[in-house]
Amino acid sequence: MSVLVYTESEQGKFKKVAFEVASYAKEVANQLGTTVTAVAINIEDASELANYGVDKVLNVSADSLKDFNAKAYASTLRQAAEKEGAKVVIVSSSTDSKTLAPILAINLHAGYASNVVAAPTSTNPFTVKRTAFTNKAFNITEINSDVKIVGVSNNSFGLVENSGAATVESFAPSLDDSLFGVKVDSVDKVSGKVTIADADIVVSAGRGLKGPENWGMIEELADVLGAATACSKPVSDLGWRPHGEHVGQTGKPVAANLYIAIGISGAIQHLAGINASKVKVVINTDPEAPFFKAADYGIVGDAFEVVPQLIEKLKEFKANNA
Amino acid sequence: MKILVCISHVPDTTSKINFTEGDTKFDTNGVQFVINPNDEFGLTRAMWFKEKQGATVDVVNVGGAETESTLRKALAIGADGAIRVNAAATDGFFVAKQLAEVAKNGGYDLIIAGRESIDYNGGMVPGMLAELIGANFVNNCINLEVDGTAATAIREIDGGKETSSTSLPLVIGGQKGLVEESDLRIPNMRGIMMARKKPLNVVEPTDAEKETTAVKFEKPAPRGAVKLVDAGNIDELISLLHNEAKVI
């Protein structure tokens, strides 16, 4: 009865979050005195998972799973869980995982806790801490069902190396046509850009930037840091930036290690969206901006003067610390 | 087309969050409740289908009598009828089970739910509901067109968007983008008057177990004061981020 973990990938390679959920699964397996089995879909080399405590990989190669399909992916995980007798299934908090987990929960008659930010505090009863009220609070949740699904919040547990050996086994789930009622026609994705969901660092800007033409320096700062770009709600409402970059209560939550807010005053809905981020830096001309009360570090200053300097200094820093 | 819109009754986004009874209950004192923002985008899209394609729109909520004001607001915005399942919405699975019962009994073609509620943020109800009733499911939906029984949906994915073809019956987890924020509707006096005459049916819950229990709440630890760095001393900020915070 191993702990099962779904390790997400893109174009044949694991996403960083796959290693984080594997690390989490290892911790749960240690608590339960069992092993970790990973499910990897259309992966070129599954052996990397061994570095994060995975004992066995069920390697699925299937053309029909080339595009994400919630029901077919959930069915694959159900079959893997049944084969392994898994009582705990770990998934991430990516858009895809949050889509398949509820379906899997019905298929496995499992309770599901999403947005979990720490290892279980107890396995009997199975108790986890999750965010609620859009990061304005935490909720201690017990999962009462026999099988349990835990959705781990990104960047909350981190990567924990646990080197070992993993056996890799081919796994061919049975997937009937009824699972494919939603067919992907096209995917429109900015390639080579760090996404908010995957990012360790997010550089976000607001109305203080005065117009979309000034986003070049935000993108440059993000490039230097290997960060994703984001924005406040008014900026996406004005059409300066796409909706997908809007961070906040009705936009995306951000759980980055470093969140840099430039020209954002810090409305309560925005602060809720970024509350799960670990370190917050704010740059704003207004010393009374509410964001200064929520930030770790702040600069009272004009973004148009501070950001170009920050870019140059970070370039120097990177060159000296390469 | 018969549309069911699932409505959560949630604290307004500006609410301060506090707890009572030994941090086991949300403190509703002084809190304004609203239609869950993700559901509001869905409700507005449903109104579009009603006006352009002649759909009928019902709204449903699982909750106590205190949630009826929120359902009445949805009726005032233009929904044709409302259903309240008379039970506390304490667990996502329990709620999905109740909604599935309403969906099956009503023979709905399209069910619109918000991708998550802004109180418990479980994000599980739309997917569970779809699976329970055997409907197709598109989550994080930011655009939906329906032509007969065929549907085209766009969903937000990490780093972009994806267009897919599917068919009714369909459940979507909707969000901002499904309609523009500027298109969201505020009930007018006529709508409010008409809403009083529209049916609001209260049904008793079906038997369903609760798979999760919210045992306690905690508030984040208070933060220390911000460390201010002089605008002319960017080196200090970089040093703090590298040596103290260890994030670069």
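Quick caveat, the model's predicted, so the values are computed rather than measured. The residue numbers shown here count from 1 along each chain, following its written sequence. A letter from A marks each chain and a number from 1 marks each ligand, given out in the order of writing. Local features in a predicted model are, by the rule used here, given only for residues with pLDDT of at least 70; side-chain atom pairs are given and counted only at 80 or more, and totals for whole chains, interfaces and linings are based on all residues. Water and hydrogen atoms were dropped before computing side-chain values, which therefore reflect all heavy atoms in the structure.

### Description of the overall build of chain B
Next up, step 1: Check the secondary structure of chain B and you find 6 helices and 15 strands.
Next up, step 2: Based on the C-alpha atoms only, the size of chain B along its principal axes is roughly 65 × 45 × 40 Å.
Next up, step 3: Carbon and sulfur atoms form 49% of the exposed surface of chain B, whose accessible area is close to 10,500 Å².
Next up, step 4: Counted charges follow a simple rule, with Lys and Arg positive, Asp and Glu negative, and His plus the chain ends left uncounted. Taken as the charge location is NZ of Lys, CZ of Arg, CG of Asp or CD of Glu. Each charge class in chain B can be summarised by its mean position, and for the 26 positive and 34 negative side chains these summaries are 5 Å apart. Helix and strand labels come from DSSP, where a helix needs a run of H or I of at least four residues and a strand needs a run of E of at least two; each type is numbered from the N terminus. Only the protein chains shown count as cover for residues, and all accessible areas are computed by the Shrake-Rupley method using a 1.4 Å probe.

### Examining the overall build of chain A
Next up, step 1: Secondary structure summary: chain A contains 8 helices and 18 strands in total.
Next up, step 2: As a reference, a globule follows 2.2 Å times the number of residues to the power 0.38, and the radius of gyration itself is taken over C-alpha atoms. Taking 2.2 N^0.38 as the reference for a compact globule, 322 residues should give roughly 20 Å; the C-alpha atoms of chain A span a radius of gyration of 21 Å, in line with that estimate.
Next up, step 3: Scored against the burial criterion, the 322 residues of chain A give a buried share of 60%.
Next up, step 4: In chain A, the share of contacts with a sequence separation of at least 24, taken over all contacts with a separation of at least 6, comes to 65%.
Next up, step 5: If the 29 positive side-chain charges of chain A are averaged to one point and the 36 negative ones to another, these points end up 5 Å apart. The buried label applies to any residue whose accessible area, calculated with a 1.4 Å probe on protein chains only, is under 20% of its type's maximum; exposed applies above 50%, and partly exposed to all values in between. Contacts are assigned to residue pairs that have any heavy atoms within 4.5 Å of one another.

### Let's talk about the domain arrangement of chain A
Residues and elements named next belong to chain A.
Next up, step 1: Those domain boundaries reflect an automatic or database domain assignment. By the assigned domains, chain A splits into domain 1 (3-180) and domain 2 (201-320).
Next up, step 2: On a C-alpha basis, the centres of domain 1 and domain 2 stand 32 Å from each other.
Next up, step 3: Summed over both partners, buried area is the accessible surface (1.4 Å probe) that two parts give up on being assembled. Across the interface of domain 1 and domain 2, roughly 720 Å² is buried in total on both sides, 43% from carbon and sulfur atoms.
Next up, step 4: Classifying every residue of the side of domain 1 that touches domain 2 gives no nonpolar, 6 polar and 1 charged. Residue polarity is assigned by list, with Asp, Glu, Lys and Arg as charged and Ala, Val, Leu, Ile, Met, Phe, Trp, Tyr, Cys and Pro as nonpolar; anything else, Gly included, falls into the polar class.

### Things to note about the UniProt feature "domain: Electron transfer flavoprotein alpha/beta-subunit N-terminal" (unreviewed entry) in chain B
Next up, step 1: Per the UniProt record, "domain: Electron transfer flavoprotein alpha/beta-subunit N-terminal" (unreviewed entry) is found at residues 23-212 of chain B.
Next up, step 2: Taken end to end, residues 23-212 of chain B is 32% helix and 32% strand, and its two terminal C-alpha atoms sit 17 Å from one another. UniProt positions are given in the numbering used here, feature names are shortened, and annotations may be inferred rather than shown by experiment.

### A few points about the sheet that holds strand 17 (residues 279-284) of chain A
Next up, step 1: Should DSSP find at least two bridges between two strands, the strands are regarded as paired. Taken in spatial order, the 6 strands make up an open sheet running 15(A)-14(A)-16(A)-17(A)-18(A)-15(B), and their pairing is parallel. Strand pairing shows two members of the sheet lacking a second neighbour, strand 15 (228-231) of chain A together with strand 15 (227-228) of chain B, which therefore form its edges.
Next up, step 2: Across 2 bridges, the pairing between strand 18 (residues 297-300) of chain A and strand 15 of chain B is parallel. Across the sheet, the residue bridging to Tyr297(A) is Lys227(B), located in strand 15 of chain B.
Next up, step 3: Only the stretch in contact is used when a helix axis is fitted, and all axes are lines through C-alpha atoms; the angle between N-to-C directions ranges over 0 to 180 degrees. Contacts from helix 4 (residues 216-225) of chain A reach strand 14 (201-205), strand 15 and strand 16 (258-262) of chain A within the one sheet, and its direction differs from that of strand 14 of chain A by about 170°.
Next up, step 4: Sheet strands in contact with helix 8 (residues 303-320) of chain A are strand 16, strand 17 and strand 18 of chain A, and its direction is about 130° off that of strand 17 of chain A.

### Considering unusual backbone geometry
Next up, step 1: Each neighbour pair has its own omega, and for Asn124(A) with Pro125(A) the value is 0°, a cis peptide bond.
Next up, step 2: Residue position: Pro125(A) is located in the loop between strand 8 (122-123) and strand 9 (126-132).
Next up, step 3: With an omega of 0°, the peptide bond between Leu168(B) and Pro169(B) qualifies as cis.
Next up, step 4: Counting through the fold element by element, Pro169(B) comes out in the loop between strand 11 (160-167) and strand 12 (170-174).
Next up, step 5: The phi angle at Asn115(A) is positive, at roughly 55°, despite the residue not being glycine.
Next up, step 6: As for its placement among the helices and strands, Asn115(A) is situated in strand 7 (residues 110-116).
Next up, step 7: Located in the positive-phi region is Asn121(B), a residue other than glycine, with phi close to 50°.

### Describing the packing of aromatic side chains
All names here are of chain A.
Next up, step 1: Whether two aromatic rings pair depends on their centres lying within 6.5 Å, for rings of Phe, Tyr and Trp, where Trp uses its six-membered ring; planes under 30 degrees apart make the pair stacked, over 60 edge-to-face, and the rest tilted. All told, the structure shown has 16 aromatic pairs over all chains when counted by the stated rule.
Next up, step 2: Ring centres of Tyr6 and Tyr73 lie 6.3 Å apart, and the angle between their planes is 85°; this geometry places the pair in the edge-to-face category. Of the two residues, Tyr6 sits in strand 1 (residues 3-7) while Tyr73 sits in helix 2 (residues 70-84), which places them 67 residues apart along the sequence.
Next up, step 3: Owing to a relative accessible area of 5%, Tyr6 belongs among the buried residues under this scheme.
Next up, step 4: With relative accessibility at 7%, the residue Tyr73 sits in the buried group.

### Some points on the interface of chain A and chain B
Next up, step 1: At the interface, 86 residues of chain A touch 76 residues of chain B.
Next up, step 2: Three residues stand out in chain A for area buried against chain B, namely Ile106(A), Phe133(A) and Tyr297(A), and they jointly supply 11% of the buried area on that side.
Next up, step 3: Any Lys or Arg side-chain nitrogen located within 4 Å of an Asp or Glu carboxyl oxygen qualifies as a salt bridge. The tally of links between chain A and chain B comes to 8 salt bridges.
Next up, step 4: With a closest N to O distance of 3.0 Å, Arg155(B) and Asp96(A) form a salt bridge.

### Looking at the sheet that holds strand 1 (residues 2-6) of chain B
Next up, step 1: Ordered in space as 13(A)-11(B)-10(B)-9(B)-12(B)-8(B)-1(B)-6(B)-7(B)-13(B), the 10 strands form an open sheet in which the pairing is mixed. Both outer strands of the open sheet, strand 13 (183-189) of chain A together with strand 13 (200-203) of chain B, are each paired with one neighbouring strand and no more. Here the strands of the sheet are splayed against their neighbours by 25° on average, with no regard to which way each runs.
Next up, step 2: Relative to strand 12 of chain B, strand 8 (residues 110-114) of chain B runs parallel, the two being bridged by 5 bridges. Paired with Ile111(B) across the strands is Val171(B), a residue of strand 12 of chain B.
Next up, step 3: Here helix 1 (residues 37-53) of chain B sits on the sheet and contacts strand 1, strand 6 (56-62), strand 8, strand 9 (136-147) and strand 12 of chain B; the angle it forms with strand 1 of chain B, its principal contact strand, is near 165°.
Next up, step 4: The strands touched by helix 2 (residues 68-77) of chain B are strand 6, strand 7 (81-85) and strand 13 of chain B; relative to strand 7 of chain B, the strand with the most contacts, the crossing angle is about 160°.

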